[in-house]
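Chain and residue survey
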Amino acid sequence: MNSIASRTLAGISVPDTPLVGRAIEHARQRCEPYLFNHVVRSWLFAARIGQIQNIQHDAEVVAVATLLHDVTLNEDFAGPRRFEVEGADLARTFVREGGFDERRAQLIWDSVALNSTPSIGLYKEAEVALCTAGICLDVVGLQYSLVSSAEIAKIVGEFPRLGMKRRMTRCFCHIAEVRPETTYDNFARTSASALFQATRRLRQLIL
């Protein structure tokens, strides 16, 4: 795609466009601080993995999708569909209103809808796969060895976890309680164990 403006955030080069800026502010407004930090870390990990592996991709799509992937993850979620699907619809509307064409808007939808289903997301288009990889690295430590311990420490230092393990687990438990039919083939049902292991891995890298 054509070159776009960029900036450095926590040591990682990322796109700096008006829509990315609006997505950051939208995520800040819709997410609690711990969750906002999670979506930003996920974005930075996704961007860095793409750079390390020299993957051609639409950096603006990856940015907006990772930033908006958890806008429906909270303890008030009531469905009726999977929180990822509800969030994907909202994210697609957001980018359509921001000027994305239907192809790019669909990449946003797929990235958000599949964000907790790496068994599918990692094998789709580069943008979807990178979003999935960045999110899963932050939540469960998947492929954490791809990014250096120094880079992980800098990202986590600037966007700390703020008790993410405990607070995200509460959200997943709430969803499993009120909408158990929406928790199949994603990591919602095993979030407590996965988050615990991820936190241990990241602490080992940082300390």
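Our subject is the structure listed above.
These numbers come from a predicted model, not from an experiment.

What counts and what doesn't
Numbering of residues starts from 1 in every chain and runs along the sequence as written. A pLDDT threshold of at least 70 governs which residues receive local features in this predicted model, and a stricter bar of 80 or more applies before side-chain atom pairs are shown or counted, although totals over entire chains, interfaces and linings include all residues. Hydrogens are left out, water is left out, and the side-chain values use all remaining heavy atoms of the structure. Helix and strand definitions follow DSSP, with helices as H or I runs of at least four residues and strands as E runs of at least two, each counted in order from the N terminus. Throughout this description, buried means an accessible area under 20% of the type-specific maximum (1.4 Å probe, protein chains only), exposed means over 50%, and partly exposed covers the range between. Only buried Ala, Val, Leu, Ile, Met, Phe, Trp, Tyr and Cys residues count toward a nonpolar core, and they belong to the same one when joined by side-chain atoms within 4.5 Å. Pairs of residues are marked as contacts when any of their non-hydrogen atoms sit within 4.5 Å. Expected span, for any helix, means 1.5 Å times one less than how many residues it has. What counts as a salt bridge is simple: a side-chain nitrogen of Lys or Arg found within 4 Å of a carboxyl oxygen of Asp or Glu.

For asparagine 54, which is not a glycine, the phi torsion comes out positive at approximately 55°. Mapped onto the elements of the fold, asparagine 54 is located in the loop between α2 (33-52) and α3 (59-68). Positive phi is not limited to glycine here, since leucine 162 has a value of about 55°. Examined against the element boundaries, leucine 162 turns out to sit in the loop between α8 (149-158) and α9 (164-178). Overall, leucine 162 belongs to the partly exposed group, its relative accessible area being 42%.

Our focus in this paragraph is the nonpolar core. Within the largest apolar cluster, 60 residues are counted, with the highest numbers of intra-cluster contacts made by Val40, Trp43, Leu44, Val64, Leu67, Val95 and Ile108. Considering every element that reaches this core, the biggest residue donor is α2, with eleven residues. In this structure, valine 95 is in contact with Leu19, Val64, Phe100, Ala105 and Ile108, ignoring residues within four places of it in sequence.

Under the 1.5 Å per step criterion, the end-to-end length of helix α4 (residues 83-97) is 21 Å for 15 residues, consistent within 8% with the ideal 21 Å. All of the buried residues in α4 are Phe83, Glu84, Val85, Glu86, Gly87, Ala88, Ala91, Arg92, Phe94 and Val95. The positive-phi residue at the C-terminal boundary of α4 is glycine 99, with phi of around 105°.

Before going further, it helps to examine the pattern of salt bridges. Inspection of the entire model under this criterion finds 15 salt bridges. Salt-bridge contacts for arginine 41 lead to aspartate 138; the nearest nitrogen and oxygen are separated by 2.7 Å. Placement of the pair is arginine 41 in helix α2 and aspartate 138 in helix α7 (residues 126-140), with a sequence separation of 97 residues. Neither arginine 41 nor aspartate 138 differs from the other in exposure class; each is buried. Notably, a salt bridge pairs glutamate 86 with arginine 81, separated by 3.2 Å at the nearest N-O pair. Take glutamate 86: its relative accessible area is 15%, and that puts it in the buried class. Each of Arg81, Glu86, Asp89 and Arg92 takes part in one network of salt bridges that share partners.

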